[in-house]
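Analysis of the macromolecular model
Residues per chain, in single letters:
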Amino acid sequence: MINPFDPSFWRDPYSHYPSLLAGPARLLPLLLPTVLVARHRDVVDVLRDQELFSSSSPQLSLLAKLDPFAGAQTMLFSDPPVHSRLKRLVTPYFRHGRINLLTPRIETLTNQLLDNIESKAEFDAVSDLACPVTLAIIAEILGIPIEHQPRLKVSGDRVFSSVRESLMLAGAFLTGRPDTSGSNGATSRYDFFPIRAIESSVHDSSAEAIATLRSYFIEEISQRRASPGDDLISVLVSAQDETDTLRLDELLALVLLLLFAGDTTTNLIANGLLALSTHRDQLRRLWLAPEVLTPNAVEEVLRYDSPVQMVMRFCTRDTHIGETSVPGGAVVLVLIGAANRDPAQFNAPDSFDIARHPNNHVAFGDGIHACIGAHVARLQGRIVLGSVVERFSRLRLSAPDQPLHYDGYLLSRGLTSLPMVID
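Parameters and conventions
- Residues numbered from 1 in each chain as written.
- Predicted model: local features only at pLDDT ≥ 70, side-chain atom pairs only at ≥ 80, totals over all residues.
- Heavy atoms only, no water.
- Helix = DSSP H or I, 4+ residues; strand = E, 2+ residues; numbered from the N terminus.
- Buried < 20%, exposed > 50% of the residue type's maximum accessible area, 1.4 Å probe, protein only.
- Areas by Shrake-Rupley, 256 points an atom, 1.4 Å probe, with all protein chains shown as cover.
- Salt bridge = Lys/Arg side-chain N within 4 Å of Asp/Glu carboxyl O.
- Pairing = 2+ DSSP bridges.
- Axes fitted to C-alpha atoms, helices over the stretch in contact; angles between N-to-C directions.
- Contact = heavy atoms within 4.5 Å.
- Left-handed = near helix turned anticlockwise from the far one by under 90°.
- Nonpolar A, V, L, I, M, F, W, Y, C, P; charged D, E, K, R; others polar.
- 1 Å grid on protein atoms, 1.4 Å probe; cavity = no way out; pocket = protein on both sides within 12 Å on 5 of 7 lines; lining within 4 Å.
- Points joined across faces, edges and corners; volume = space filled by probe spheres on them.
- Core = buried A, V, L, I, M, F, W, Y, C linked by side-chain atoms within 4.5 Å.
- Parallel < 35°, antiparallel > 145°, perpendicular 65-115°, else oblique.

Scanning the protein for helices and strands turns up 15 helices and 14 strands. Counting every position in the protein, which comprises 423 residues, the buried fraction comes to 53%. By element, 53% of the accessible surface of the protein is carried by carbon and sulfur atoms, the whole surface being about 18,500 Å².

Counted according to the given criterion, the structure contains 18 salt bridges. A salt bridge links E250 to R85; the nearest nitrogen and oxygen atoms lie 2.8 Å apart. Placement of E250 in helix α11 (residues 248-277) and of R85 in helix α4 (residues 82-90) is noted, with a sequence separation of 165 residues between them. Residues E250 and R85 agree in their burial class; the two are buried. In this structure, R391 and E118 form a salt bridge, with 2.8 Å as the shortest nitrogen-oxygen distance. Here the residue R391 occupies a position in helix α15 (residues 374-391), and E118 occupies one in helix α6 (residues 103-120), the gap between them amounting to 273 residues. Here E118 falls in the partly exposed class, since its relative accessible area comes to 47%. One connected set of salt bridges, linked through shared partners, spans R39, D42 and E323.

The next point concerns the sheet that holds strand β4 (residues 122-124). Spatial strand order, β4-β14-β11: 3 strands in an open sheet with antiparallel pairing. The open sheet has two free edges, formed respectively by β4 and β11 (395-397), since each of these has just one partner strand. The mean angle between the axes of side-by-side strands here comes to 35 degrees, regardless of whether they run parallel or antiparallel. Where α11 meets the sheet, its contacts fall on β11 and β14 (419-422), and the angle it forms with β11 comes to roughly 95 degrees.

This next bit is on the side chain of S155. Note that S155 resides in helix α8 (residues 149-174). Setting aside chain neighbours within four positions, we find S155 in contact with A209, T212 and L213.

Packed helix pairs are specified by the crossing angle of their axes together with the interaxial distance, meaning the distance between the axes. Put simply, α11 and α15 touch, their axes get as near as 10 Å, and they point 35 degrees apart. Considering how the two elements wind past one another, α11 and α15 form a crossing that is right-handed. The segment α11 lies against α15, with T265, L268, I269, G272, L273 and L276 engaging A377, Q380, G381, V384, L385, V388 and V389. Split by residue class, the contact of α11 with α15 holds 9 nonpolar, 4 polar and no charged.

Once that is clear, we can look at the environment of Q223. In this fold, Q223 is placed in helix α9 (residues 194-226). The class for Q223 is partly exposed, based on a relative accessible area of 40%. C-alpha of Q223 to C-alpha of I233: the two residues are 10 residues apart in sequence and 9.9 Å apart in space.

Glycine aside, residues mostly have negative phi angles, and peptide bonds mostly take the trans form. Cis geometry is found at the peptide bond from P80 to P81, where omega equals 5 degrees. Residue H357 is joined to P358 through a cis peptide bond whose omega torsion reads -5 degrees. Position of P358 among the secondary structure elements: in the loop between α14 (336-339) and α15.

This part takes up empty space enclosed by the protein. Evaluated as defined, the whole model comprises 1 cavity of 30 Å³ or more. The space that makes up the largest cavity amounts to roughly 40 Å³. What lines the largest cavity is simply L20, G23, P24, A25, R26, L36, V37, A38, R39 and D42. Its residues assigned to classes, the lining of the largest cavity comprises 6 nonpolar, 1 polar and 3 charged.

What follows covers the sheet that holds strand β10 (residues 331-335). Across the sheet, which stays open at both edges, the 5 strands sit in the order β1-β2-β10-β7-β3 with mixed pairing between neighbours. Among the strands making up the open sheet, the edge pair consists of β1 (26-28) and β3 (53-54). Where β1 meets strand β2 (residues 34-37), 3 bridges bridge the pair, whose relative direction is antiparallel. Its bridge partner lying in β2, R26 is registered against L36. Along the sheet, helix α3 (residues 40-48) contacts β2, β3, β7 (310-315) and β10; its crossing angle with β10, the most-contacted strand, is approximately 125 degrees.

Turning our attention to the nonpolar core. In this structure, L129, L142, F217, L273 and L418 are the most contacted members of the largest nonpolar core, which totals 89 residues. For this core, the element with the highest residue contribution is α11, accounting for 17 residues. Apart from the residues within four sequence positions on either side, L418 is in contact with F123, D124, A125, V126, A270, L273, L274, L397 and L404. F9, M310, V331 and A338 belong to the second-largest nonpolar core, a separate cluster that totals 19 residues.

A word on the packing of α11 against helix α13 (residues 290-304). Close contact between α11 and α13 brings their axes to 9 Å; oriented N to C, the two are set at 95 degrees. With respect to their mutual orientation, α11 and α13 come out roughly perpendicular. Along its contact with α11, which presents L268, N271, G272 and A275, the element α13 presents V298, V301, L302 and Y304.

Listed below in structure tokens is the structure:
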């Protein structure tokens, strides 16, 4: 049986997707009814039907100690009308015209980082490029001073690590396997109520980081109320004060969500550099026609090695997904990465083709929960990948025979490191 909660599944998800794409959505015999949705048309149908497939999880309230949002509803984990209200407040900031104003800052930052990289010839595409660009731009959007960014990254990374641990333990519970291995390889056994096990395993490591992030942004919100700027925190504070439709806990949750969302762009950039360096023909093709092909290349990276591999929904009543009967209350695992490799939707889906057209991928989701920051991610991807290829046309992996390591159990696909060489 394919087990999506087994870490080995996510170490190499693309080897599992063909069998899932060969048939209808699959109902797994787990402790809670769980459905795997892989085919492109089924994924789109689920993502577009928020009434049948809710984003609001009844389990979140039980994980309050692990929740950096402190129980506040966010755009990611809510349905209308809450989702509609929150999205309406944030959407004006993310219009293309406003986001395009970030272009000079992204270009300057990218060139500065590439200057440093060029001076040492060998670099880590994650820590030396993808992470710094992404963090700096999210900080720019939020109005966070540059000197505060490293401290926030450390706290954010600790929270992410704890969330991954809790997901692994929750997966072990769903599959009826109380034995589970943590990220350090150590094995633990929990013989009591699973939520208590999850809390005890990660609370100590995450509580301080969550408190640090919340404390920091509470102070930032207070400062924006006294002296507003043109950053997103100021926009949200203004919305709270003028319309009284945004509570303080919701405002704080939105800010934290956007800080965490930068992980998607980091993965896009690193995954793109990996794909280009391992497909030399496509790298040269991009170098020869960057203005024409860079936007297409970013879309192909998003499809070929999706930064977000899965999203979760909760079935509100008995229904069908394609030919599969789904009971109300089922956990629905929507496999974005599989849908983007569906041969019924894409010609030669396992090939990396930067001129692919059409390319109707679902890397940023679909329906009302389609990623509101998609244009920010695309803009950074185009500038960073385009600049790297322009300057380093013979980019390659420094250790092509060494295995790559990914961080992001269940939800995302991000490299922990990507050593590269400039010839």
